[in-house]
Amino acid sequence: MGHMRLQENVVLAPLTTLQVGGPARYFVEARSMAEVREAVGYARSHGVPLFVLGGGSNLVVSDSGWPGLVLKVGIAGIEESGHNGLMQFEVGAGEEWDKFVAAAVARNCAGVECLSGIPGSVGGTPVQNVGAYGQEVAQTIDGVQALDLKDGEVRELCREACGFNYRTSIFNTSERGRYIILRVTYGLTPGGEPCIQYADLKKYFAGWSLKPTLRETRDAVRRIRASKAMLIVPGDEDCRSAGSFFKNPILLTEKWQEINQRAAALRLHIPSYPALEAQRKVSAAWLVEHSGFSKGYGAGRVGISRKHALALVNRGGASAAEILALKEQIQSRVEEIWGIRLEPEPVFLGF
Ligand SMILES: Cc1cc2nc3c(=O)[nH]c(=O)nc-3n(C[C@H](O)[C@H](O)[C@H](O)COP(=O)(O)OP(=O)(O)OC[C@H]3O[C@@H](n4cnc5c(N)ncnc54)[C@H](O)[C@@H]3O)c2cc1C
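Everything in this summary refers to the structure shown in the same document.

1. What about the nonpolar core?
Across soluble globular proteins, you tend to see nonpolar side chains buried next to one another.
Point 1. Grouped together as the largest cluster of nonpolar side chains are 59 residues, with contacts concentrated most on Val36, Leu69, Leu71, Trp97, Phe100, Ile180 and Tyr186.
Point 2. The leading source of residues in this core is strand E13 (residues 179-190), at seven residues.
Point 3. Excluding anything up to four places from it in sequence, isoleucine 180 contacts Val36, Val40, Leu50, Val52, Leu71, Val73, Gln145, Ala146, Leu147 and Leu149.
Point 4. Judged by nonpolar contacts, the second largest core, of 32 residues, contains Phe245, Phe293, Ala318 and Leu342.

2. Topic: the pairing of E13
Point 1. Among the 12 residues of E13, nine are classified as buried, and the element is accordingly described as predominantly covered.
Point 2. Sheet topology note: the strand E7 (residues 86-92)/E13 ladder contains six bridges and is antiparallel. Bridge pairing in E13 links glutamine 88 to glycine 187.
Point 3. Note that strand E8 (residues 109-110) and E13 share two bridges and pair antiparallel. Looking at the pairing, cysteine 109 lines up with proline 190 of E13.
Point 4. The sheet contact formed by strand E11 (residues 141-148) and E13 spans seven bridges and is antiparallel. By the bridge assignment for E13, glutamine 145 is matched with arginine 183.

3. Let's talk about the pairing of E11
Point 1. Taken across its eight residues, E11 has seven buried, putting it largely inside the fold.
Point 2. Alignment of E11 against strand E12 (residues 154-158), held across five bridges, turns out to be antiparallel. What sits directly across from glycine 143, in E12, is cysteine 158.
Point 3. Where E11 folds back on E12, the antiparallel hairpin that results is connected by five residues, among which glycine 152 adopts a positive phi of roughly 75°.

4. Description of helix H1 (residues 33-45)
An α-helical turn contains 3.6 residues, so a residue and the one three or four places further along point in the same direction.
Point 1. Compared with an ideal rise of 1.5 Å per residue, which puts 13 residues at 18 Å, H1 spans 18 Å between its outermost C-alpha atoms and is within 8% of the ideal.
Point 2. Inspection of H1 places Glu35, Val36, Glu38, Ala39, Val40, Tyr42 and Ala43 among the buried residues, and these make up the whole buried set.
Point 3. Contacts from the buried residues of H1 go to strand E1 (6-11), strand E2 (23-30), strand E3 (50-53), strand E5 (66-73), E11 and E13.
Point 4. Positioned one or two residues after H1, glycine 47 has a phi angle of 60°, which is positive.

Basis of the calculations
Residues numbered from 1 in each chain as written. Predicted model: local features only at pLDDT ≥ 70, side-chain atom pairs only at ≥ 80, totals over all residues. Heavy atoms only, no water. Core = buried A, V, L, I, M, F, W, Y, C linked by side-chain atoms within 4.5 Å. Buried < 20%, exposed > 50% of the residue type's maximum accessible area, 1.4 Å probe, protein only. Helix = DSSP H or I, 4+ residues; strand = E, 2+ residues; numbered from the N terminus. Contact = heavy atoms within 4.5 Å. Pairing = 2+ DSSP bridges. Expected span 1.5 Å × (residues − 1).

Okay, structure coming up:
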């Protein structure tokens, strides 16, 4: 014992991309499995709840903070091994996600190139099955190593055991709070072709005579993301956000048809592309923009990003309460007009 560094009353706002929220009563950054165990033991013996923090990019912390122990998983390392034409990368949960994507692309391995530029940690990616531009981590995760808080055992969960779905896994649904993710193994394809299926990417590469490389695809994704403030660029206040604040609602066929008819009656056309249609998803951004909100909405310290209708941004000095007030205002307007209750995507701590 005695390896972990315990801190007290650590303000969480700077540890999140939205930059709101009060202090954690206790705070530990654990760099090894032993330190993770030690922190868990400390929380137990002091009778305080535990919250696992990654990069804080999908998180809204309340202004009053959190009365428990925040455990930031800082386990590092990227290890490669080859198996039957696949390349496996075993990555520490504390590694920055985009650093791993860059490494995979540099090794000419396909499978995560469209997920370039997503902020946060590797350990955060299985939790909500991170996805963008036609890929999601469920397609490449071979396994997740996690500490099971139920019995203190380290478990190796295969992909199926993770129960991946759109923005969900067992880690944020049925088994929420049970596992601390320590390492994630991704199986990538050496020399594989980039996945260019998403409309924005196709448009970007329209007119190219040569097939884009993985490197070019990564660059394209990062450029497109930057134009929507979905890439963290220092100095761009539009990216002081938690990414998309609402999930694309998945509707039953009947409701989906009704919404399309309602839109048609208003001479509006709901954007629809295969990725959305296949799952009867409606664009949350479209719903927000057609409920009286637009990019750049809001005059105070919180508002909607000028570059992305789904991102609520802290324009400087905002409180969590102000973020929540705007969230609720948007939810009730959308519900009033379209009869759909938008579900938030980020995790809320301390409310
Ligand atoms: C500008 C911007 C753009 C974004 N774009 C996208 C996008 O395109 N697609 C997308 O899917 N998401 C996107 N996001 C959301 C976010 O980046 C991802 O959800 C990311 O994977 C969260 O990882 P994190 O390490 O920051 O997690 P945190 O925000 O720290 O935590 C989120 C949740 O995961 C849990 N968690 C984190 N690490 C662990 C661990 N090691 N073990 C157990 N639980 C853990 C936390 O307890 C919490 O419940 C975006 C966010 C921002 C700010």
